[in-house]
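The residues making up each chain are set out below.
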Amino acid sequence: MSDCPDAKPTAAALARRLPAVIQGGMGVSISNWRLAKAVSQAGGLGVISGTGLDRVVAYRLQEGDAGGHLRRVIARFPIPAVAERILNRWYVAGGITRPGAYRATAMVEHEPRIDTLELLVVANFAEVALAKEGHDGVVGINLLEKVQSPNVASLYGAMLGGVDAVLMGAGIPREIPGVLDRLAAHQEASLILRVEGALPGETTRIRFDPRCIVGDIPPPVFRPPFLAVITSDILAQALLRSTDGGVDGFVVEGPTAGGHNAPPRNHNEPLNARGEPVYGPRDHADLVKLAKLGRPFWLAGGFGTPEGLAKAQAAGAQGVQIGTILALSEESGLRPDLKAQVLGLVRDGKAGVFTDRLASPTGFPFKVAEVPGTLSDPAVYASRTRICNLGYLRMPYRLENGKLGWRCAAEPEAAFIAKGGDPAELVGRKCICNALMSTAGMPLITPEGGRELPLVTAGDCVAKLADAVPSLDGYKAADVCGLGTPVRT
Ligand SMILES: Cc1cc2nc3c(=O)[nH]c(=O)nc-3n(C[C@H](O)[C@H](O)[C@H](O)COP(=O)(O)O)c2cc1C
């Protein structure tokens, strides 16, 4: 394949043209379309988080779709009948009267119903379309590999919206390049579902056929570059090998980054005095080896300053991926009161982060910002009644009859154990799903009639945020994002 000006650029060539600054995809809905649009207009790669978007869009429509933004872009969905069904199903004129009393969407399982698939596709289409509206900057989507079931339909929706790049980590996204190739040709694509207790040779696949949405005359889509979020050059190398080179670039995320972290490579390393995992030199990618793989890469984890960018580029990176600083900017989807609270803690020199190796049902360490009144406080969390009503982090397991069951270590203890779950896994687990919906301003109603509480995640750099942002009274994404050189695909 050539990269000459007349030929259609390959995904690999497009990856090399992506900007120096990538906005981290931050779920749930912290990296919303407003933040992605702002970053993209400032010359960076704006990235929407596709995690949980089916609910985010269904809930926003039920809230009455302030400003009419969702209805405006959903009206542009290439299959009008699908758009109409989504609006008929979820839009509530004037909004629901009781805050938080959303009509539930289905939990996405391995054989989702057609209405669930339509919602996934339209939601991801809409968020990308909104982020791309009115400018010619580039917009990507971030998905978590671990949240398997919704991913293929979500990717197709984003491609219909014209997404310019796909970024995926929190797992080993080995199958994604092939899935993107097939979706770009509107062919059925599938992912292997990891089923606990599956018998040797037993494989379950999550299948998605674009024709169930677009019929036989599909609208044009293109195959976006794929950037894998990784922690080590060894994984980068293995991914390139196992995907026939289908990975177009890498985001190398270090252990100080916000959100989920990879566990330390040395599992036997004792925890530190606070009970956090300890990372050593082996947890940092060898950038010389990485550069030799011939793919562009971006560094993530405390690189959100001009000095950070210069350092990354001096080490051979194309640029940096920034999370925490942008999560606290005006445009992000983080609840405004939480944003102000965290910025206040920074001002008072009290902002801190705990790397919680137990909290996330994914089993990955999760960075929890220590914010009073949120679920970072163990006493506050202890008062929460366990309930599993969102289900993104449930794991499929094999039932005796060979069918699939679903369980999550943050669900009610008795239910988890009755499903054959290991009681040891219950310890310290938190319902990240409900907490993150609350953090983005969409708290569900608890069994007691209250509202689910939030949990803020941030990188270690939050403690030094004062040096990196123009004002702790609030700032715009572009104020920290004017780091990149605008590059257009
Ligand atoms: C609030 C928040 C949520 C995040 N959620 C995700 C996510 O859903 N998927 C992902 O790949 N990375 C996620 N991250 C990591 C960021 O994409 C980014 O790589 C990281 O924040 C960079 O490090 P920094 O926070 O030091 O800038 C999240 C980070 C934050 C701060």
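A brief look at the structure comes next. All figures in this text were calculated on a predicted structure; none of them were measured in a lab.

A separate point is the site of the ligand. Within the structure, the ligand sits among 19 residues, and Glu-253, Gly-302, Gln-321, Gly-323 and Thr-324 are positioned closest to it. Separating an oxygen atom of the ligand from a backbone N or O atom of Gly-301 is a distance of 3.3 Å. Taken together, the elements giving at least two residues each to the shell around the ligand come down to strand 3 (138-144) and strand 10 (319-322). Of the residues assigned to the shell around the ligand, the class counts are six nonpolar, twelve polar and one charged.

Turning next to the nonpolar core. Counting residues in each nonpolar core, the largest one holds 134 residues, and the members touching the most others are Phe-77, Leu-183, Phe-208, Ile-230, Phe-250, Leu-326 and Leu-465. Broken down by element, the residue count for this core peaks at twelve residues, all from helix 6 (residues 114-132). Not counting the four nearest positions on each side in its chain, Phe-250 is found in contact with Leu-227, Ala-228, Ile-230, Ala-236, Leu-239, Leu-240, Arg-295, Pro-296, Phe-297 and Trp-298. Grouped together as the second largest cluster of nonpolar side chains are 13 residues, Ala-15, Val-138, Val-251 and Ala-300 included.

Our focus in this paragraph is the pattern of salt bridges. The final tally for this structure, using the stated rule, is 27 salt bridges. Through salt bridges with shared partners, a single ionic network connects Arg-72, Arg-76 and Glu-133.

What follows covers the packing of helix 5 (residues 80-90) against helix 6. In helix packing, the relevant descriptors are the interaxial angle and the interaxial distance, both defined with respect to the helix axes. In the contact formed by helix 5 and helix 6, the axes pass within 10 Å of each other and the chain directions differ by 100°. Taken together, the axis directions place helix 5 and helix 6 in an arrangement best described as roughly perpendicular. The residues of helix 6 that touch helix 5, namely those facing Val-82, Arg-85, Ile-86, Arg-89 and Trp-90, are Asp-115, Glu-118, Leu-119 and Val-122.

Let us now look at the packing of aromatic side chains. Taken as a whole and judged by the stated rule, the model has three aromatic pairs. Between Tyr-156 and Phe-208 the ring centres are 5.7 Å apart and the planes differ by 50°, which places this aromatic pair in the tilted class. Placement of the pair is Tyr-156 in helix 7 (residues 151-160) and Phe-208 in strand 6 (residues 204-208), with a sequence separation of 52 residues. Residue Phe-208 is classed as buried on the basis of its relative accessible area of 2%. Over the ring of Trp-90 we find Arg-103; its NZ or CZ atom is 4.4 Å from the centre of that ring.

What counts and what doesn't
- Residues numbered from 1 in each chain as written.
- Predicted model: local features only at pLDDT ≥ 70, side-chain atom pairs only at ≥ 80, totals over all residues.
- Heavy atoms only, no water.
- Near = heavy atom within 4 Å.
- Polar contact = N/O pair within 3.5 Å; in protein donor to acceptor, adjacent residues only side chain to side chain.
- Helix = DSSP H or I, 4+ residues; strand = E, 2+ residues; numbered from the N terminus.
- Nonpolar A, V, L, I, M, F, W, Y, C, P; charged D, E, K, R; others polar.
- Core = buried A, V, L, I, M, F, W, Y, C linked by side-chain atoms within 4.5 Å.
- Buried < 20%, exposed > 50% of the residue type's maximum accessible area, 1.4 Å probe, protein only.
- Contact = heavy atoms within 4.5 Å.
- Salt bridge = Lys/Arg side-chain N within 4 Å of Asp/Glu carboxyl O.
- Axes fitted to C-alpha atoms, helices over the stretch in contact; angles between N-to-C directions.
- Parallel < 35°, antiparallel > 145°, perpendicular 65-115°, else oblique.
- Phe/Tyr/Trp six-rings, centres within 6.5 Å; stacked < 30°, edge-to-face > 60°.
- Lys NZ or Arg CZ within 6 Å of the ring centre and 35° of its normal.

Function cannot be inferred from these measures alone, as they are strictly geometric.
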